[in-house]
Structures are given as C-alpha cells and as structure tokens.
Amino acid sequence: MAFDIRSAFSKMKRFKPHLLMIMAQMCYTLLYFITKASFNKGLNPHVYVTYRHVLGGLVVSPFAYFLERKVRPKLTLALFLEIFLLSLLGIGFTVNMYFASLRYTSTTFVTSMVNTVSSLTFIVAVILRMEFVDVRNPRGIAKIVGTIISLAGVMIMILYKGQAMQRLKGDLIHIGNNSTHEDWIKGSILTVTSCISWSVWYIMQGFTLKKYPAQLSLTVWINCIGGAQSGVFTVLIQHKPAAWSITSAIDFLSIIYGGAVCCGLTLFLQLYCIRHKGPVFVTIFNPLSTVMVTTLAYFVAGEKLYMGRILGGAMVIAGLYALLWGKEKDQECINTQQKSVLNKEPGKQISSPAETEEIP
C-alpha cells in the first residue's frame with residue numbers, strides 16, 4: 001500500500017506544472033469577464049491599468065526582496081533607463097491598448113487575438129536574426145506554415161463576421177451593456193497593435209534579463225514604473241478627477257483581482273513552470289483560456305458568437321501549435337547536439353540562452 005501511495009504522489013508531482021498552468025489560465029479567464037463588466041459600468045481602462053500594476057508591484061515586492069537578496073544585481077542609471085523603456089513599451093503602451101480594446105470589442109475576440117503573440121514574436125525574432133529558419137526540414141516548414149495560418153486566422157476574424165450563432169434565452173451572468181462602447185474597427189486596430197508591441201516587448205525582455213537576471217525584482221520594477229507611466233498618461237487624456245474614484249464593487253474587485261491575482265499569484269505560477277518546463281510549455285496552455293472564455297461567453301454571459309470569428313480563432317490556435325511544434329523540435333535538436341558535445345568533452349559546459357515569458 002505504501003508503494004502505491006508513493007507511486008501516486010510521484011505521478012501527481014509530475015503533473016504539477018500542468019495543473020498549475022490550468023489554474024493560471026482559469027485566473028485569466030475570470031479576469032476578462034470581471035474587467036469587461038467593470039469597463040461596461042464606466043471604469044476607465046487606463047485608470048484600471050494604473051491601479052492594477054501599482055498594486056501588482058506592491059504585492060510581488062516582499063517576495064522579490066527576500067527571495068532575491070543574494071542574486072539581485074546593482075541597478076545602474078543605464079539599466080534603470082532600459083527598464084524604464086521596457087516598462088513604457090510593455091505597460092504604458094501595450095497593456096493600455098490591450099484593455100482599451102476590450103472595451104470596444106468582446107472577450108472572445110481579444111482572447112483569440114492573444115494567441116497570435118507567439119507568431120508575431122517569431123516574425124520579429126527572424127527579422128532581428130535571433131531566430132533561424134531552415135526551410136529544408138519539417139521543423140522550419142512547420143514554423144513558417146504555422147505563422148501563415150495564424151495570421152490568416154487574424155485577417156478572417158477582423159474582416160469576416162459571418163452568421164451569428166443563436167443566443168441562449170437568458171444570461172446566467174449579466175456583465176453590462178456594451179452597445180454604447182462597441183466599435184469593432186477601433187477595437188481591432190488597438191488589439192492588433194497591442195499584440196505587435198507585445199511581441200517586441202518579449203524580445204526586449206530577453207536582452208534586459210541578461211543584464212538583470214532577478215526576475216521577481218524586474219517584475220516589481222516593470223509593474224511600478226509602468227503603473228506610474230500609465231498614471232501620467234491617464235492624467236493627460238482624462239481631466240476629470242472623478243474618473244479615478246472607485247464607485248462600485250465590481251470596479252474594486254477588478255482592480256484587486258487584476259493586481260493581486262493576475263500580476264501576483266499567476267505570475268508566480270508562470271515563473272515556476274518556466275523554470276521547470278520551459279517557456280514553450282507555458283505558451284502551449286494559452287489557447288485554453290480562449291476556449292474557456294468562448295464557452296462561458298456564450299453559455300453563461302450570453303455573448304454573441306459569429307462563425308467568422310470562431311473559424312478565425314480556430315485557425316489562430318492551429319497555427320500556434322504548428323509553430324510551437326517546430327520550435328520544440330528545434331530545442332530537442334539543440335539539446336541532442338549539446339549532449340553530444342558534452343559526451344566528447346566532459347569538462348566543457350554549454351549554456352543555452354535564457355528565455356522568459358510574461359502575460360499582462
């Protein structure tokens with residue numbers, strides 16, 4: 001019996017990263033509905049981003065201080081300016097546009113578009129010669145075909161609406177009326193632009209982490225600096241002091257949940273899984289949030305679903321998995337080559353470039 005218990009515990013431990021990533025995607029799924037309801041009630045998306053990231057930085061800061069005291073490098077002026085630019089691109093620009101697009105579109109559309117970030121990051125990496133594509137083997141072909149399919153799915157989602165699926169008679173959860181804010185052209189432009197800048201942000205993170213490898217401390221800096229930048233931007237475009245006041249319970253809940261859970265707890269779950277399984281493993285679970293959001297949006301919140309956006313979303317996910325398959329096979333090939341070199345030269349150590357991935 002004791003052997004069976006140990007065996008069961010060992011199996012559960014092996015699947016721990018899988019369960020943690022499922023939990024993380026569930027957290028993000030709930031985030032979309034809470035923020036959507038809050039925006040429909042009148043909360044300014046830029047005010048939300050400011051409060052959320054300042055709170056997220058405060059939540060993570062104690063863990064960063066105690067866990068990274070011995071590994072945190074000295075923060076020079078040049079490094080601070082680099083983190084300032086990283087925060088400006090990632091939060092001041094990307095996250096503000098991302099949540100603003102949620103106000104003008106739907107949760108299903110936004111979560112489907114997020115899956116294109118991996119493909120866009122791949123394109124940027126190829127342009128910057130950080131990613132090598134060998135068109136003579138199935139790995140390279142899979143990455144190219146996956147990227148093309150994913151981008152084709154985006155174009156279908158934007159340009160083709162299609163027939164609406166019949167809605168349910170009643171909404172189990174009412175997230176507010178969005179008819180006064182809906183603007184699909186404006187929302188699509190904001191979403192696509194945020195995904196492109198999000199991809200560039202991932203590339204920049206790789207450079208900054210080489211100079212400042214303390215991930216939790218870097219997260220605190222990005223959250224706090226980005227939150228301050230967002231605050232300045234919001235003051236410039238929103239001159240009414242009343243916009244900063246929290247007038248309803250859903251506004252308070254969306255800020256607390258977005259900051260403490262999604263910028264705090266969920267980030268820890270992702271860092272743990274990246275450390276033990278790698279960033280490709282984490283990315284594979286991203287479409288799970290799309291599926292859960294689409295299901296809840298239709299069956300629970302009564303959101304309209306259109307055939308064009310369902311078809312486009314399916315193509316985006318299919319392209320994403322083709323791209324990830326190619327990248328994973330590339331990594332397996334690199335690992336095999338490294339093991340071969342180490343076997344020939346036992347005293348030689350080879351390190352592969354560190355990778356990082358973060359979700360707003």
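Here the residue numbering is sequential within each chain, running from 1 through the sequence in written order. It should be noted that, the model being predicted, local features are given only for residues of pLDDT at least 70 and side-chain atom pairs only at 80 or more, the latter also being counted only at that level, while totals for whole chains, interfaces and linings use all residues. Values reported for side chains reflect all heavy atoms of the structure, with hydrogen atoms and water molecules removed beforehand.

In the annotation of an unreviewed UniProt entry, the protein is listed under the name WAT1-related protein and assigned to Acer negundo. UniProt positions are given in the numbering used here, feature names are shortened, and annotations may be inferred rather than shown by experiment. Under the UniProt heading Sequence similarities (unreviewed entry), the entry covering the protein gives this text: "Belongs to the drug/metabolite transporter (DMT) superfamily. Plant drug/metabolite exporter (P-DME) (TC 2.A.7.4) family." Per UniProt, the protein carries the Subcellular location (unreviewed entry) text "Membrane".

Asks: So, the overall build of the protein: which residues are in play, and what are the values?
Replies: Secondary structure elements are defined from DSSP: runs of H or I of at least 4 residues count as helices, runs of E of at least 2 residues count as strands, and each element is numbered from the N terminus. Within the protein, the secondary structure is distributed over 13 helices and 0 strands. When the elements of the protein are put in sequence order from the N terminus, they spell out α-α-α-α-α-α-α-α-α-α-α-α-α. Counting the 360 residues in the protein, one finds 49% classified as buried. Put simply, of all contacts in the protein between residues at least 6 apart along the chain, 90% involve residues at least 24 apart. Using a 1.4 Å probe, the Shrake-Rupley method yields the accessible areas, and only the shown protein chains count as cover for residues. Accessible surface computed for the protein: about 18600 Å², of which carbon and sulfur atoms make up 68%. Throughout, exposure labels follow a simple rule: accessible area from a 1.4 Å probe, protein chains only, divided by the maximum for the residue type, with under 20% read as buried, over 50% as exposed, and the rest as partly exposed. Residue contacts are defined here by distance: any two heavy atoms, one from each residue, within 4.5 Å place the two residues in contact.

Asks: Provide a residue-level description of the pattern of salt bridges, including the pertinent values.
Replies: A side-chain nitrogen of Lys or Arg and a carboxyl oxygen of Asp or Glu constitute a salt bridge if their distance falls within 4 Å. Taken as a whole, this structure holds 1 salt bridge when the rule is applied. The salt bridge involving Glu82 is made with Lys211; its shortest N-O contact spans 2.9 Å. Taken as a pair, Glu82 in helix H4 (residues 77–104) and Lys211 in helix H8 (residues 184–211) lie far apart in primary sequence, 129 residues in all.

Asks: Now, about the nonpolar core: what can you tell me, with residues and values included?
Replies: We call a set of buried residues a nonpolar core when its members are Ala, Val, Leu, Ile, Met, Phe, Trp, Tyr or Cys and they connect through side-chain atoms within 4.5 Å of each other. Counting residues in each nonpolar core, the largest one holds 46 residues, and the members touching the most others are Leu31, Tyr48, Tyr98, Phe99, Trp198, Ile222 and Tyr257. Counting residues in hydrophobic clusters, the runner-up holds 9 residues, among them Leu20, Ala24, Phe281 and Phe285.

Asks: Kindly report on the side chain of Thr294, identifying the contributing residues and their values.
Replies: Following the sequence through the fold, Thr294 ends up in helix H12 (residues 286–299). Residue class for Thr294 comes out buried when judged on its relative accessible area of 19%. Beyond its immediate stretch of four places on either side in the chain, Thr294 contacts Thr108 and Leu305.

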